[in-house]
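# Notes for the structure review
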Amino acid sequence: MRRSLKFSLFALVLLGLVGGSAAYYLAQKTVTVTVDGQSSEVRTYAATAGEVLADEGLQPASHDVVLPAPDSAVGDGDTIVLNRARPLSLTVDGVRSDVYTTALSVDGALAELGYRADNLVLSASRSERLPLDGMDLTIATNKSVTLIADGQQRVVQTTAPTAGDLLAEQGIALSATDRTSLYPTQPLLDSMVLRVTRVQVTDVTEVRPVDYQTVETPDAEAFEGDREVTQEGVEGEQTVTWRVTVTDGVETSREQLGAVVTTPAVDEQVTVGTKEKPAETAVVSADGLNWAALAACESGGRPNAVSGSGKYRGMYQFSTGTWAAVGGSGDPAAASAEEQTMRAQMLYARSGAGQWPHCGSRLFS
């Protein structure tokens with residue numbers, strides 16, 4: 001090969017190498033990459049924003065913001081912005097939700113999420129930086145709540161997150177039986193009404209009388225119609241236990257839990273004559289009898305006298321049944337002495353002196 005031809009071929013190869021290197025050098029570009037507000041310049045041959053970030057070891061997540069879009073072409077002097085999203089466990093007035101934010105601080109996250117009021121109560125400082133792996137943030141907003149308790153109704157302004165927190169804030173303690181219109185853990189919202197109902201449940205006892213029974217025993221030696229009390233009846237006592245519920249000062253229910261007889265009643269014992277009366281004594285005149293002596297013996301002569309058991313009443317100690325049987329009405333002890341004597345004479349005319357077993361003989365004194 002000729003010497004001149006060799007030099008020509010060598011020159012062509014050299015020119016190709018230099019041209020290729022120049023083209024490669026010219027393809028390189030300078031791009032500004034800004035990640036979470038921190039900027040740096042990088043030299044790159046990458047064609048798209050996504051490739052530039054990948055070369056820098058940055059892989060955007062689904063909630064991250066990339067400008068321009070990862071598939072956008074980039075040229076020399078362009079800027080790529082990557083704002084990485086932070087997971088935020090957000091609890092607002094007791095309601096929890098999981099959100100993402102590209103803000104770098106608590107204050108920025110509040111603005112991004114629309115919580116711009118100055119009187120919010122926060123679990124973290126507004127200036128605190130949000131870590132890349134996120135954080136828990138609690139927000140309590142200012143609310144107007146109508147509180148009804150202990151006979152008072154008032155509107156309170158509060159940042160308490162729940163009904164229970166509001167009661168604690170207002171110094172309202174609840175007993176185990178008290179009720180509230182909202183659950184203590186229920187989140188508070190603006191314009192809610194929280195009512196406290198005071199409920200007291202107590203067991204009370206009551207002493208009640210126990211009536212005695214009248215036991216009649218036939219007496220063959222006494223005439224028919226004659227009755228004699230051989231043992232006075234005595235009332236007993238029983239203790240009744242109640243469970244009483246009082247709601248806001250008014251008794252709303254009463255449930256009987258039990259009853260125990262503490263003092264048994266004593267039966268009244270009465271003998272009742274069964275002997276047939278002689279025919280001639282079926283009707284006896286009341287004339288000429290000593291009614292004053294009978295009254296003195298039965299009651300001390302007092303028209304309003306009442307026996308210890310309360311069963312026998314008046315001058316002649318009528319029972320209410322006997323009093324009614326001879327035409328009397330109402331309480332014998334409330335009738336006049338004249339009416340009582342008249343009714344006693346009627347009783348004597350019908351049944352004889354046996355109606356007064358202990359004192360009947362005084363009629364003949």
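How each quantity is defined
- Residues numbered from 1 in each chain as written.
- Predicted model: local features only at pLDDT ≥ 70, side-chain atom pairs only at ≥ 80, totals over all residues.
- Heavy atoms only, no water.
- UniProt positions renumbered as here; feature names shortened; annotations may be inferred.
- Pairing = 2+ DSSP bridges.
- Helix = DSSP H or I, 4+ residues; strand = E, 2+ residues; numbered from the N terminus.
- Axes fitted to C-alpha atoms, helices over the stretch in contact; angles between N-to-C directions.
- Phe/Tyr/Trp six-rings, centres within 6.5 Å; stacked < 30°, edge-to-face > 60°.
- Buried < 20%, exposed > 50% of the residue type's maximum accessible area, 1.4 Å probe, protein only.
- Salt bridge = Lys/Arg side-chain N within 4 Å of Asp/Glu carboxyl O.
- Core = buried A, V, L, I, M, F, W, Y, C linked by side-chain atoms within 4.5 Å.

For the protein, an unreviewed UniProt entry supplies the name Transglycosylase and the organism Modestobacter versicolor. Of the protein, the UniProt comment under Sequence similarities (unreviewed entry) reads exactly: "Belongs to the transglycosylase family. Rpf subfamily."

## As for the sheet that holds strand β15 (residues 227–231)
Taken together, the 3 strands give an open sheet; going across it, the order is β14-β18-β15, and neighbouring strands pair in mixed fashion. Of all strands in the sheet, those bounded by a partner on one side alone are β14 (214–223) and β15. For this sheet the average axis-to-axis angle between neighbouring strands, irrespective of direction, equals 30 degrees. For β15 and strand β18 (residues 268–275), the ladder comprises 4 bridges, and the chain directions are antiparallel. The residue of β18 that forms the bridge with R227 is V272.

## What about the packing of aromatic side chains?
This structure, assessed with the given rule, holds 4 aromatic pairs. Here the aromatic rings of W291 and W356 are separated by 6.1 Å at their centres, their planes lie at 80 degrees, and the arrangement is edge-to-face. Of this pair, W291 sits in helix α5 (residues 291–299) while W356 sits in the segment after α7 (337–351), and the two are 65 residues apart along the sequence. Assigned by exposure class, W291 and W356 land together as buried. A ring pair is formed by F318 and W323, whose centres lie 5.1 Å apart and whose planes are at 75 degrees; its orientation type is edge-to-face.

## Considering the pattern of salt bridges
Per the counting criterion, the structure on display carries 14 salt bridges. Across the salt bridge formed by D331 and R313, the nearest N and O atoms sit 2.7 Å from each other. Of the two residues, D331 sits in the loop between α6 (320–325) and α7 while R313 sits in the loop between α5 and α6, which places them 18 residues apart along the sequence. With a relative accessible area of 29%, D331 lands in the partly exposed category. Between R343 and E339 there is a salt bridge, with its nearest N and O atoms 3.4 Å apart. With R343 and E339 both in helix α7 and 4 residues apart, the pair spans about one turn of that helix. Residue classification places R343 among the buried positions, given a relative accessible area of 13%. Residue classification places E339 among the partly exposed positions, given a relative accessible area of 24%. Salt bridges linked by common partners bring D36, R84 and R86 together as one network.

## Thoughts on the nonpolar core
Counting residues in each nonpolar core, the largest one holds 17 residues, and the members touching the most others are W291, L294, Y316, F318, Y348, W356 and L363. Elements supplying a minimum of two residues to this core: α5 and α7. Core analysis: the second largest hydrophobic core is formed by 14 residues, A149, V156, A163 and I172 among them.

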